[in-house]
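Commentary on secondary and tertiary structure
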Amino acid sequence: MTKGMKRKIVMAVAMVGGLAGVTLAASAENAAPIKDPEIERTRQHIKMLDDVFKTAVVLIDETYVKHPSDPSAASAAKALFAAMKKNGWYDVRLIGLTDKVGDPDDEPKDAFEKTAAKRLRGGGEQAYEEIMEKDGKRYLRMATGIPVVSENCVMCHAHFKGDKGNIGALSYTMPVVK
């Protein structure tokens, strides 16, 4: 093999190797992030709680709320959320997403809830999440949208009649499940 042929082979191998490296690097950049099993477990816990809470609110609403003077299903949910927080399980809050929030305690409080409110109200998303660390402990923060699901909603909140978007959200802060 001549010196010129060796040089061409080396150049071809280097070029192919370089192209392969670029392809692998591009694939790595576009690949889905590695899933953190602890975050996945925590996300599943929140989804389960979200289903339980929303089902309970709808059942309370359908069964017990008949007149505007009746206690709302949201009031019952807030009492349940307070008990969960008091017992140290996690924190969940009802937040309003519209410009007509009846209870000032339901206003989005921090940067996470304000971002979630914009994304859930305006973008048609059903959930928004972030991972945070506080005092050396990781938490999953997740907000899930609440649309108008019943005529009882508009019995007390006439301004929501015909609203097809999320008017509220449940905002969870849960320690990451190890």
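In this report, the structure presented in the accompanying data block is examined. Here the structure is a predicted model, which means the values were calculated and not measured.

**Focus on the nonpolar core**
Counting 14 residues, the largest nonpolar core has Phe 53, Val 92 and Tyr 172 as its most contacted members. Sorting the residues of this core by element identifies α2 (37-64), α3 (73-86), β3 (137-147) and β4 (166-175) as the ones contributing at least two each. It is α2 that contributes the most residues to this core, 4 residues altogether. Those residues in contact with Phe 53 that lie beyond four places of it in its chain are Leu 80, Phe 81, Tyr 90, Val 92, Leu 170 and Tyr 172. Core analysis: the second largest hydrophobic core is formed by 9 residues, Ile 95, Leu 97, Ala 116 and Tyr 128 among them.

**Some details on the pattern of salt bridges**
Once their charged atoms are close, side chains differing in charge can pair, the charge on each being opposite to the other. Applying the stated rule across the entire model yields 12 salt bridges. Arg 138 is the partner of Glu 38 in a salt bridge, and the nearest nitrogen-oxygen pair spans 3.0 Å. With a gap of 100 residues between them, Glu 38 in helix α2 and Arg 138 in strand β3 connect regions that are remote in the sequence. Across the pair Arg 141 and Glu 113 runs a salt bridge, and its minimum N-O distance is 4.0 Å. Taken together, the residues span a long stretch of sequence, with Arg 141 in strand β3 and Glu 113 in helix α4 (residues 111-122) at a distance of 28 residues. With respect to burial, Arg 141 and Glu 113 carry one shared label: buried. The network of salt bridges with common partners includes Arg 93, Asp 110, Glu 113 and Arg 141.

**Side note on the sheet that holds strand β1 (residues 91-96)**
Taken together, the 4 strands give an open sheet; going across it, the order is β1-β4-β3-β2, and neighbouring strands pair in antiparallel fashion. The two strands at the open ends of the sheet, each matched to only one other strand, are β1 and β2 (127-134). Sheet twist, expressed as the mean angle between neighbouring strand axes with direction ignored, is 20°. Looking at chain direction, β2 and β3 are connected through 8 bridges and run antiparallel. Note on β3: the bridge partner recorded for Ala 127 is Thr 144.

**Quick notes on the pairing of β3**
Taken together, β2 and the strand that follows it, β3, pair antiparallel across an intervening segment of 2 residues, in which Asp 135 is found at a positive phi of about 50°. Strand direction decides the pairing type here: β3 and β4, joined by 9 bridges, are antiparallel. Counted as the bridge partner of Leu 140 is Met 174 from β4.

**A short note on the packing of aromatic side chains**
What the rule picks out here adds up to 3 aromatic pairs. Relative to Phe 81, the ring of Phe 53 has its centre 5.0 Å away and its plane inclined at 70°; by these criteria the two rings are edge-to-face. Placement of Phe 53 in helix α2 and of Phe 81 in helix α3 is noted, with a sequence separation of 28 residues between them. Overall, Phe 81 belongs to the buried group, its relative accessible area being 5%. Three or more aromatic residues joined by ring pairs make a cluster, and in this case those are Phe 53, Phe 81 and Tyr 172.

**Here's the deal with the environment of Ser 171**
Positionally, Ser 171 belongs in strand β4. Here the alpha-carbon distance between Ser 171 and Gly 145, two residues 26 residues apart in the chain, equals 9.0 Å. Beyond its immediate sequence surroundings of up to four residues, Ser 171 is in contact with Asp 91, Val 92, Arg 93, Ile 95, Phe 112, Glu 113, Arg 141, Met 142 and Ala 143. At a separation of 2.9 Å, a polar atom in the side chain of Ser 171 contacts the side chain of Glu 113.

**A short note on α4**
A rise of 1.5 Å per residue sets the reference length of α4, with its 12 residues, at 16 Å; its end C-alpha atoms lie 16 Å apart and thus fit the reference within 8%. Considered for burial, the residues of α4 that qualify are Phe 112, Glu 113, Ala 116, Ala 117 and Leu 120. Buried residues of α4, viewed axially, fall in a sector of 130°; they line one side. When the buried face of α4 is taken as reference, the exposed residues oriented beyond 90 degrees from it are Ala 111, Lys 118 and Gly 122. For α4, the elements touching its buried residues are β1, β2, β3 and β4. If you check the start of α4, you find a side-chain oxygen 3.3 Å away from the backbone N of Phe 112, and it comes from Asp 110. Gly 124 lies just past α4 and shows a positive phi near 75°.

Cut-offs applied
Residues numbered from 1 in each chain as written. Predicted model: local features only at pLDDT ≥ 70, side-chain atom pairs only at ≥ 80, totals over all residues. Heavy atoms only, no water. Core = buried A, V, L, I, M, F, W, Y, C linked by side-chain atoms within 4.5 Å. Buried < 20%, exposed > 50% of the residue type's maximum accessible area, 1.4 Å probe, protein only. Helix = DSSP H or I, 4+ residues; strand = E, 2+ residues; numbered from the N terminus. Contact = heavy atoms within 4.5 Å. Salt bridge = Lys/Arg side-chain N within 4 Å of Asp/Glu carboxyl O. Pairing = 2+ DSSP bridges. Axes fitted to C-alpha atoms, helices over the stretch in contact; angles between N-to-C directions. Phe/Tyr/Trp six-rings, centres within 6.5 Å; stacked < 30°, edge-to-face > 60°. Polar contact = N/O pair within 3.5 Å; in protein donor to acceptor, adjacent residues only side chain to side chain. Expected span 1.5 Å × (residues − 1). Arc of directions from axis to C-beta.

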